[in-house]
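A closer look at the structure
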Amino acid sequence: MTSIDPPWAIAALEPARAFGPALGSGVLRAQSDDFIVEEDLGFAPAGMGQHVLLKVRKRDANTQWVARELAKVCGCRPMDVGYAGLKDRRAVAIQWFTAPKSAQSLEAWTAVRTSEFEVLEAHAHTRKLPRGALAGNAFVIRVRNVAVSDQQLADRVELIGRRGVPNYFGPQRFGREGSNLSRITTGLKALRMPERGFVLSAARSLVFNTVLAERVREGSWERLEPGDMANLDGRGSVFPVEQVDETLLERCQRLDIHPTGPMWGRGLPASQGRVLELESRVGEQLPTVTQLVEEAGMEQERRSLRLAVRSLEWSREPDAVVLRFRLTRGSFATTVLREIFDAVSPDGEADAEA
(Lines give C-alpha, C1' and ligand atoms only; values in the text may rest on other atoms or scores of the structure.)
Protein backbone atom coordinates (compact mmCIF):
# COMPACT_ATOMS: atom_id res chain seq x y z
CA MET A 1 0.00 0.00 0.00
CA THR A 2 1.21 3.53 -0.79
CA SER A 3 2.56 5.40 2.25
CA ILE A 4 -0.04 7.87 3.52
CA ASP A 5 0.13 10.15 6.55
CA PRO A 6 -1.96 8.23 9.16
CA PRO A 7 -4.17 11.18 10.22
CA TRP A 8 -4.89 11.87 6.55
CA ALA A 9 -5.86 8.25 5.96
CA ILE A 10 -8.23 8.26 8.95
CA ALA A 11 -9.88 11.55 7.94
CA ALA A 12 -10.26 10.42 4.33
CA LEU A 13 -11.10 6.75 4.64
CA GLU A 14 -12.40 6.18 8.21
CA PRO A 15 -13.98 9.43 9.46
CA ALA A 16 -16.15 9.54 12.58
CA ARG A 17 -19.57 7.88 12.34
CA ALA A 18 -22.66 9.81 13.42
CA PHE A 19 -24.73 6.99 14.93
CA GLY A 20 -22.19 4.80 16.66
CA PRO A 21 -20.60 1.54 15.48
CA ALA A 22 -21.87 -0.28 12.41
CA LEU A 23 -24.56 -2.86 13.16
CA GLY A 24 -22.50 -5.62 11.58
CA SER A 25 -20.32 -6.54 8.65
CA GLY A 26 -21.30 -7.82 5.22
CA VAL A 27 -20.18 -8.33 1.64
CA LEU A 28 -20.89 -5.69 -1.01
CA ARG A 29 -20.78 -6.40 -4.77
CA ALA A 30 -20.47 -10.16 -4.50
CA GLN A 31 -21.91 -9.89 -8.01
CA SER A 32 -22.58 -6.94 -10.28
CA ASP A 33 -26.32 -6.66 -9.75
CA ASP A 34 -25.80 -6.37 -5.99
CA PHE A 35 -25.17 -2.68 -6.70
CA ILE A 36 -27.68 -0.99 -9.02
CA VAL A 37 -27.69 2.76 -9.64
CA GLU A 38 -29.93 4.76 -11.95
CA GLU A 39 -29.52 8.43 -12.80
CA ASP A 40 -32.35 10.92 -12.51
CA LEU A 41 -31.59 13.73 -14.96
CA GLY A 42 -34.30 15.99 -13.60
CA PHE A 43 -35.29 17.13 -17.09
CA ALA A 44 -36.87 15.66 -20.23
CA PRO A 45 -35.17 15.21 -23.61
CA ALA A 46 -35.64 18.25 -25.85
CA GLY A 47 -36.97 16.17 -28.75
CA MET A 48 -34.96 18.26 -31.22
CA GLY A 49 -31.41 19.48 -31.77
CA GLN A 50 -27.96 18.46 -32.97
CA HIS A 51 -27.25 15.90 -30.26
CA VAL A 52 -28.67 12.52 -29.28
CA LEU A 53 -29.50 11.81 -25.63
CA LEU A 54 -28.88 8.13 -24.87
CA LYS A 55 -30.10 6.11 -21.90
CA VAL A 56 -27.60 3.30 -21.40
CA ARG A 57 -27.49 0.27 -19.12
CA LYS A 58 -23.94 -0.91 -18.43
CA ARG A 59 -22.54 -3.82 -16.44
CA ASP A 60 -18.93 -4.33 -15.29
CA ALA A 61 -17.77 -1.41 -17.42
CA ASN A 62 -16.58 2.06 -16.46
CA THR A 63 -18.23 5.19 -17.78
CA GLN A 64 -15.26 6.48 -19.79
CA TRP A 65 -14.88 3.18 -21.63
CA VAL A 66 -18.58 3.21 -22.57
CA ALA A 67 -18.21 6.80 -23.79
CA ARG A 68 -15.33 5.74 -26.07
CA GLU A 69 -17.40 2.86 -27.45
CA LEU A 70 -20.33 5.21 -28.15
CA ALA A 71 -17.94 7.55 -29.95
CA LYS A 72 -16.92 4.69 -32.24
CA VAL A 73 -20.56 4.02 -33.09
CA CYS A 74 -21.17 7.71 -33.75
CA GLY A 75 -17.92 8.31 -35.60
CA CYS A 76 -17.01 11.23 -33.34
CA ARG A 77 -14.17 12.02 -30.96
CA PRO A 78 -14.50 10.55 -27.43
CA MET A 79 -14.39 14.09 -26.03
CA ASP A 80 -17.59 14.88 -27.96
CA VAL A 81 -19.56 12.30 -25.96
CA GLY A 82 -21.10 13.81 -22.84
CA TYR A 83 -22.12 12.25 -19.52
CA ALA A 84 -23.22 13.70 -16.20
CA GLY A 85 -21.03 11.66 -13.89
CA LEU A 86 -18.84 8.61 -13.38
CA LYS A 87 -20.63 5.45 -12.34
CA ASP A 88 -19.28 2.33 -10.69
CA ARG A 89 -17.57 -0.31 -12.77
CA ARG A 90 -18.59 -3.39 -10.78
CA ALA A 91 -22.28 -2.57 -10.81
CA VAL A 92 -25.33 -2.33 -13.00
CA ALA A 93 -25.64 1.36 -13.84
CA ILE A 94 -28.30 3.09 -15.90
CA GLN A 95 -26.99 6.46 -16.98
CA TRP A 96 -27.34 9.06 -19.70
CA PHE A 97 -24.90 10.05 -22.44
CA THR A 98 -25.05 12.45 -25.37
CA ALA A 99 -23.41 12.05 -28.76
CA PRO A 100 -23.42 14.44 -31.73
CA LYS A 101 -26.15 13.87 -34.27
CA SER A 102 -24.82 11.64 -37.06
CA ALA A 103 -25.90 9.21 -39.76
CA GLN A 104 -26.85 6.85 -36.92
CA SER A 105 -30.66 7.07 -36.62
CA LEU A 106 -32.49 7.00 -33.29
CA GLU A 107 -33.78 3.54 -34.13
CA ALA A 108 -30.26 2.34 -34.94
CA TRP A 109 -29.02 3.69 -31.60
CA THR A 110 -31.55 1.60 -29.65
CA ALA A 111 -30.26 -1.50 -31.45
CA VAL A 112 -26.74 -1.01 -30.03
CA ARG A 113 -26.01 -3.88 -27.64
CA THR A 114 -22.82 -5.53 -26.40
CA SER A 115 -22.04 -7.82 -23.48
CA GLU A 116 -21.05 -4.74 -21.40
CA PHE A 117 -23.74 -2.20 -22.31
CA GLU A 118 -26.94 -1.58 -24.24
CA VAL A 119 -28.73 1.57 -25.38
CA LEU A 120 -32.24 1.59 -23.91
CA GLU A 121 -33.52 4.92 -25.31
CA ALA A 122 -32.40 7.53 -27.84
CA HIS A 123 -33.83 11.05 -28.14
CA ALA A 124 -32.94 14.17 -30.09
CA HIS A 125 -31.48 16.81 -27.79
CA THR A 126 -30.19 20.36 -28.00
CA ARG A 127 -26.76 20.15 -26.34
CA LYS A 128 -23.95 18.01 -25.02
CA LEU A 129 -24.63 16.68 -21.53
CA PRO A 130 -22.28 18.48 -19.10
CA ARG A 131 -20.76 16.98 -15.98
CA GLY A 132 -23.02 17.31 -12.96
CA ALA A 133 -26.18 17.79 -15.03
CA LEU A 134 -28.46 15.50 -13.06
CA ALA A 135 -30.85 15.76 -10.13
CA GLY A 136 -29.61 12.66 -8.32
CA ASN A 137 -29.41 8.89 -8.32
CA ALA A 138 -31.55 5.98 -7.15
CA PHE A 139 -29.79 2.98 -5.61
CA VAL A 140 -30.69 -0.65 -4.96
CA ILE A 141 -27.86 -2.20 -2.94
CA ARG A 142 -27.64 -5.78 -1.71
CA VAL A 143 -25.35 -6.51 1.27
CA ARG A 144 -24.75 -10.23 1.76
CA ASN A 145 -23.83 -12.33 4.82
CA VAL A 146 -25.14 -9.80 7.34
CA ALA A 147 -25.98 -10.85 10.90
CA VAL A 148 -28.29 -8.15 12.31
CA SER A 149 -31.77 -8.26 13.81
CA ASP A 150 -34.79 -6.77 12.07
CA GLN A 151 -35.35 -4.40 14.97
CA GLN A 152 -31.79 -3.09 14.91
CA LEU A 153 -32.01 -2.55 11.18
CA ALA A 154 -35.43 -0.89 11.31
CA ASP A 155 -34.28 1.48 14.06
CA ARG A 156 -31.11 2.53 12.22
CA VAL A 157 -32.91 3.00 8.89
CA GLU A 158 -35.59 5.12 10.57
CA LEU A 159 -32.90 7.24 12.23
CA ILE A 160 -31.06 7.84 8.96
CA GLY A 161 -34.27 8.62 7.08
CA ARG A 162 -35.20 11.20 9.70
CA ARG A 163 -31.79 12.80 10.30
CA GLY A 164 -29.68 12.10 7.21
CA VAL A 165 -26.00 11.13 7.33
CA PRO A 166 -22.70 13.06 7.31
CA ASN A 167 -22.01 14.05 3.70
CA TYR A 168 -18.47 12.67 3.57
CA PHE A 169 -16.58 12.22 0.35
CA GLY A 170 -16.31 8.49 -0.26
CA PRO A 171 -13.10 6.46 -0.67
CA GLN A 172 -13.29 6.72 -4.47
CA ARG A 173 -12.42 10.42 -4.21
CA PHE A 174 -9.04 9.51 -2.69
CA GLY A 175 -8.02 6.80 -5.18
CA ARG A 176 -7.52 3.11 -4.64
CA GLU A 177 -6.20 2.62 -1.08
CA GLY A 178 -5.90 6.41 -0.81
CA SER A 179 -3.27 6.66 -3.55
CA ASN A 180 -4.25 10.24 -4.50
CA LEU A 181 -3.39 11.40 -0.97
CA SER A 182 0.21 10.25 -1.29
CA ARG A 183 0.69 12.57 -4.29
CA ILE A 184 -0.29 15.73 -2.40
CA THR A 185 3.23 16.15 -1.00
CA THR A 186 4.88 16.02 -4.45
CA GLY A 187 3.92 19.63 -5.12
CA LEU A 188 1.87 21.24 -7.88
CA LYS A 189 4.67 21.48 -10.47
CA ALA A 190 5.20 17.72 -10.41
CA LEU A 191 1.56 16.99 -11.23
CA ARG A 192 0.29 16.61 -14.80
CA MET A 193 -3.25 16.26 -16.07
CA PRO A 194 -5.38 14.30 -15.42
CA GLU A 195 -3.53 13.32 -12.21
CA ARG A 196 -3.37 16.97 -11.15
CA GLY A 197 -7.17 17.20 -11.10
CA PHE A 198 -7.53 13.98 -9.09
CA VAL A 199 -4.97 15.10 -6.49
CA LEU A 200 -6.45 18.60 -6.08
CA SER A 201 -9.90 17.06 -5.69
CA ALA A 202 -8.55 14.67 -3.05
CA ALA A 203 -6.87 17.54 -1.20
CA ARG A 204 -10.04 19.64 -0.98
CA SER A 205 -12.05 16.56 0.01
CA LEU A 206 -9.58 15.74 2.78
CA VAL A 207 -10.02 19.19 4.34
CA PHE A 208 -13.80 18.92 4.05
CA ASN A 209 -13.93 15.43 5.59
CA THR A 210 -11.70 16.58 8.45
CA VAL A 211 -13.95 19.56 9.23
CA LEU A 212 -17.05 17.39 9.01
CA ALA A 213 -15.54 14.72 11.28
CA GLU A 214 -14.86 17.43 13.88
CA ARG A 215 -18.48 18.55 13.75
CA VAL A 216 -19.68 14.95 13.96
CA ARG A 217 -17.60 14.41 17.08
CA GLU A 218 -18.99 17.56 18.71
CA GLY A 219 -22.56 16.80 17.54
CA SER A 220 -23.05 19.95 15.42
CA TRP A 221 -22.99 18.40 11.92
CA GLU A 222 -26.78 18.42 11.60
CA ARG A 223 -27.66 21.71 13.25
CA LEU A 224 -27.22 25.34 12.29
CA GLU A 225 -25.49 27.87 14.49
CA PRO A 226 -24.61 31.56 14.10
CA GLY A 227 -21.71 31.91 11.67
CA ASP A 228 -22.72 28.92 9.53
CA MET A 229 -23.31 29.14 5.81
CA ALA A 230 -26.56 27.25 5.13
CA ASN A 231 -27.27 25.23 2.01
CA LEU A 232 -30.66 24.60 0.39
CA ASP A 233 -31.14 20.83 0.04
CA GLY A 234 -30.19 19.53 -3.39
CA ARG A 235 -29.09 22.95 -4.65
CA GLY A 236 -25.83 24.86 -4.82
CA SER A 237 -27.05 28.09 -3.26
CA VAL A 238 -25.92 29.08 0.25
CA PHE A 239 -26.72 31.93 2.63
CA PRO A 240 -25.20 33.19 5.90
CA VAL A 241 -26.77 32.35 9.25
CA GLU A 242 -26.63 35.29 11.65
CA GLN A 243 -29.18 33.98 14.15
CA VAL A 244 -30.98 30.63 14.33
CA ASP A 245 -34.68 31.48 14.65
CA GLU A 246 -37.64 29.11 14.83
CA THR A 247 -38.08 29.11 11.05
CA LEU A 248 -34.47 28.08 10.37
CA LEU A 249 -34.61 25.51 13.15
CA GLU A 250 -37.75 23.91 11.72
CA ARG A 251 -36.39 23.90 8.16
CA CYS A 252 -33.17 22.31 9.33
CA GLN A 253 -35.04 19.62 11.27
CA ARG A 254 -37.04 18.62 8.19
CA LEU A 255 -33.84 18.43 6.07
CA ASP A 256 -34.77 21.42 3.92
CA ILE A 257 -31.53 23.26 4.73
CA HIS A 258 -28.16 22.11 6.06
CA PRO A 259 -24.98 23.55 7.55
CA THR A 260 -22.01 23.55 5.17
CA GLY A 261 -18.26 23.03 5.30
CA PRO A 262 -15.39 24.42 3.23
CA MET A 263 -14.19 23.23 -0.14
CA TRP A 264 -10.82 24.86 0.40
CA GLY A 265 -9.37 27.58 -1.79
CA ARG A 266 -7.67 30.96 -1.63
CA GLY A 267 -8.61 33.28 1.22
CA LEU A 268 -10.73 32.50 4.25
CA PRO A 269 -13.88 30.34 4.35
CA ALA A 270 -17.14 32.28 4.13
CA SER A 271 -18.25 31.24 7.62
CA GLN A 272 -18.02 33.44 10.70
CA GLY A 273 -17.48 33.20 14.46
CA ARG A 274 -16.90 29.80 16.06
CA VAL A 275 -17.50 27.98 12.77
CA LEU A 276 -14.80 29.99 11.03
CA GLU A 277 -12.43 29.33 13.94
CA LEU A 278 -12.98 25.58 13.63
CA GLU A 279 -12.52 25.58 9.85
CA SER A 280 -9.42 27.79 10.02
CA ARG A 281 -7.92 25.55 12.70
CA VAL A 282 -8.35 22.50 10.48
CA GLY A 283 -6.76 24.40 7.60
CA GLU A 284 -3.77 25.24 9.79
CA GLN A 285 -3.44 21.57 10.77
CA LEU A 286 -3.20 20.60 7.08
CA PRO A 287 -0.75 23.20 5.68
CA THR A 288 0.63 21.01 2.88
CA VAL A 289 -2.89 20.27 1.70
CA THR A 290 -4.28 23.80 1.84
CA GLN A 291 -1.15 25.34 0.28
CA LEU A 292 -1.42 22.99 -2.71
CA VAL A 293 -5.02 24.01 -3.34
CA GLU A 294 -4.28 27.70 -2.90
CA GLU A 295 -1.26 27.51 -5.22
CA ALA A 296 -3.54 26.01 -7.88
CA GLY A 297 -5.70 29.15 -7.67
CA MET A 298 -8.86 27.40 -6.51
CA GLU A 299 -11.52 29.49 -4.79
CA GLN A 300 -13.32 28.88 -1.50
CA GLU A 301 -16.63 27.06 -2.02
CA ARG A 302 -19.14 25.31 0.25
CA ARG A 303 -20.61 21.80 0.47
CA SER A 304 -23.43 20.56 2.66
CA LEU A 305 -22.30 18.79 5.83
CA ARG A 306 -25.43 16.66 5.84
CA LEU A 307 -26.87 14.34 3.22
CA ALA A 308 -30.61 13.69 3.15
CA VAL A 309 -31.36 10.05 2.30
CA ARG A 310 -34.70 10.03 0.51
CA SER A 311 -37.10 7.09 0.11
CA LEU A 312 -34.91 4.85 2.28
CA GLU A 313 -36.31 1.32 2.58
CA TRP A 314 -34.95 -2.10 3.49
CA SER A 315 -35.99 -5.68 2.91
CA ARG A 316 -34.57 -9.14 3.49
CA GLU A 317 -33.59 -11.93 1.15
CA PRO A 318 -32.43 -15.38 2.30
CA ASP A 319 -28.76 -14.37 2.40
CA ALA A 320 -28.85 -10.57 2.13
CA VAL A 321 -30.29 -7.21 3.18
CA VAL A 322 -31.47 -4.99 0.34
CA LEU A 323 -31.40 -1.20 0.73
CA ARG A 324 -33.21 1.24 -1.58
CA PHE A 325 -32.71 4.99 -1.45
CA ARG A 326 -32.22 8.18 -3.44
CA LEU A 327 -29.39 10.71 -3.16
CA THR A 328 -28.74 14.14 -4.62
CA ARG A 329 -25.91 14.59 -7.11
CA GLY A 330 -22.35 14.80 -5.82
CA SER A 331 -22.90 12.38 -2.94
CA PHE A 332 -21.69 8.84 -2.23
CA ALA A 333 -23.70 5.71 -1.45
CA THR A 334 -20.92 4.52 0.88
CA THR A 335 -21.70 7.42 3.24
CA VAL A 336 -25.10 5.84 3.80
CA LEU A 337 -23.89 2.23 3.97
CA ARG A 338 -21.14 2.95 6.53
CA GLU A 339 -23.70 4.24 9.03
CA ILE A 340 -25.37 0.81 8.91
CA PHE A 341 -22.80 -1.84 7.92
CA ASP A 342 -19.11 -2.43 7.53
CA ALA A 343 -19.53 -3.58 3.95
CA VAL A 344 -16.47 -4.99 2.22
CA SER A 345 -16.24 -5.39 -1.56
CA PRO A 346 -14.38 -8.53 -2.73
CA ASP A 347 -12.33 -6.48 -5.21
CA GLY A 348 -11.89 -3.50 -2.91
CA GLU A 349 -13.72 -1.13 -5.26
CA ALA A 350 -15.35 1.95 -3.74
CA ASP A 351 -18.34 3.72 -5.19
CA ALA A 352 -18.10 6.53 -7.72
CA GLU A 353 -19.65 9.90 -7.06
CA ALA A 354 -23.37 10.08 -7.51
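Above this text is the structure in question.
Quick summary incoming for the structure in this document.

The rules behind these values
Residues numbered from 1 in each chain as written. Predicted model: local features only at pLDDT ≥ 70, side-chain atom pairs only at ≥ 80, totals over all residues. Heavy atoms only, no water. Axes fitted to C-alpha atoms, helices over the stretch in contact; angles between N-to-C directions. Helix = DSSP H or I, 4+ residues; strand = E, 2+ residues; numbered from the N terminus. Parallel < 35°, antiparallel > 145°, perpendicular 65-115°, else oblique. Left-handed = near helix turned anticlockwise from the far one by under 90°. Contact = heavy atoms within 4.5 Å. Buried < 20%, exposed > 50% of the residue type's maximum accessible area, 1.4 Å probe, protein only. Pairing = 2+ DSSP bridges. Salt bridge = Lys/Arg side-chain N within 4 Å of Asp/Glu carboxyl O. Core = buried A, V, L, I, M, F, W, Y, C linked by side-chain atoms within 4.5 Å. Polar contact = N/O pair within 3.5 Å; in protein donor to acceptor, adjacent residues only side chain to side chain. Phe/Tyr/Trp six-rings, centres within 6.5 Å; stacked < 30°, edge-to-face > 60°. Lys NZ or Arg CZ within 6 Å of the ring centre and 35° of its normal.

Turning our attention to the packing of helix α6 (residues 195-218) against helix α8 (residues 273-285). For the pair α6 and α8, interaxial distance at closest approach is 9 Å and the crossing angle is 130°. With respect to each other, α6 and α8 are oriented oblique. Read as a crossing pair, α6 and α8 show a hand that is right-handed. Taking contact as the criterion, the partners of V207, T210, V211, E214, R215 and E218 in α6 are, on α8, R274, V275, L278, E279, R281 and V282.

This part takes up unusual backbone geometry. Cis geometry is found at the peptide bond from M193 to P194, where omega equals 5°. Looking at the element boundaries, P194 is found in the loop between α5 (179-182) and α6. Positive phi, normally seen in glycine, also occurs at R29, with a value near 65°. Tracing the sequence through the fold places R29 in the loop between β1 (24-28) and β2 (35-40).

Another point: the side chain of E225. Tracing the sequence through the fold places E225 in the loop between α6 and β9 (229-232). Residue E225 is classed as buried on the basis of its relative accessible area, which comes to 13%. Beyond its immediate sequence surroundings of up to four residues, E225 is in contact with R215, S220, V241, V244, R274 and V275.

Right, let's talk about the packing of helix α1 (residues 6-13) against α6 for a bit. Closest axis-to-axis distance for the α1/α6 pair is 8 Å, and the angle between their directions is 75°. What the angle tells us is that α1 and α6 run roughly perpendicular. Contacts between α1 and α6 involve W8, A11 and A12 on the former and, on the latter, L206, N209 and T210.

Next up on the list: the environment of V146. Examined against the element boundaries, V146 turns out to sit in the loop between β7 (136-144) and α4 (150-163). Since its relative accessible area comes to 16%, V146 is described here as buried. Ignoring sequence-local partners within four residues, the contact set of V146 consists of S25, G26, V321 and F341.

Our focus in this paragraph is the pairing of strand β15 (residues 320-328). Judged from the nine bridges that link them, β7 and β15 form a sheet pairing that is antiparallel. If you follow R144 over to β15, its bridge partner there is A320. Both strand β14 (residues 310-317) and β15 contribute to a ladder of six bridges, which runs antiparallel. Within the sheet, the bridge partner assigned to E317 lies in β15 and is A320.

Moving on, we get to the pattern of salt bridges. Scanning the model with the defined rule gives 32 salt bridges in all. One salt bridge connects E121 with K55, and the closest N-O pair in it is separated by 3.7 Å. Of this pair, E121 sits in strand β6 (residues 117-125) while K55 sits in strand β3 (residues 51-59); the two residues are 66 residues apart in sequence, bridging distant segments of the chain. On the basis of relative accessibility, which here comes to 29%, the residue E121 falls in the partly exposed class. Its relative accessible area of 16% is what places K55 among the buried residues. Through salt bridges with shared partners, a single ionic network connects D34, R142, R144, E317 and D319.

Looking now at the nonpolar core. Within the largest apolar cluster, 62 residues are counted, with the highest numbers of intra-cluster contacts made by I141, F325 and F341. Sorting elements by how many residues they give to this core places α6 first, with eleven residues. Those residues in contact with F325 that sit more than four places away from it in its chain are N137, A138, F139, I141, V309, R310, S311, L312, A333 and V336.

This part covers the side chain of S182. By the secondary structure assignment, S182 is in helix α5. A polar atom in the side chain of S182 sits 2.7 Å from the backbone oxygen of S179.

If you walk across this open sheet you meet the four strands as β10-β9-β11-β12, and the pairing is antiparallel. This sheet does not close on itself; its edge strands, each paired only once, are β10 (238-240) and β12 (301-304). Each strand axis lies, on average, 45° off the axis of its neighbour in the sheet, ignoring direction. As defined by bridge partners, β9 adjoins strand β11 (residues 257-263) across three bridges and the pair is classed as antiparallel. Each bridged residue has a counterpart across the sheet, and for N231 the counterpart in β11 is H258. Seen against the sheet, helix α7 (residues 246-253) touches β9, β10 and β11 and runs at an angle of roughly 80° to β11.

Glancing now at the environment of L307. You can see L307 is positioned in strand β13 (residues 306-307). Since its relative accessible area comes to 3%, L307 is described here as buried. Excluding its chain neighbours within four sequence positions, the residues that come into contact with L307 are G164, V165, N167, L327, T328, S331, F332, T335 and V336.

The next thing to look at is the packing of aromatic side chains. This model, assessed by the stated rule, comprises seven aromatic pairs. When the ring of F169 is compared with that of F332, the centres are 6.1 Å apart and the planes differ by 70°; the resulting orientation is edge-to-face. Of this pair, F169 sits in the loop between β8 (165-166) and α5 while F332 sits in the loop between β15 and α10 (333-337), placing them 163 residues apart in sequence. The burial state of F169 is the same as that of F332; both residues are buried. Members of the aromatic cluster, each reached through a chain of ring pairs, are F35, F139 and F325. Above the face of the F169 ring, R303 is positioned so that its terminal group lies 3.8 Å from the ring centre. One residue, R303, lies across the ring of F208, its end atom 5.4 Å from the ring centre.

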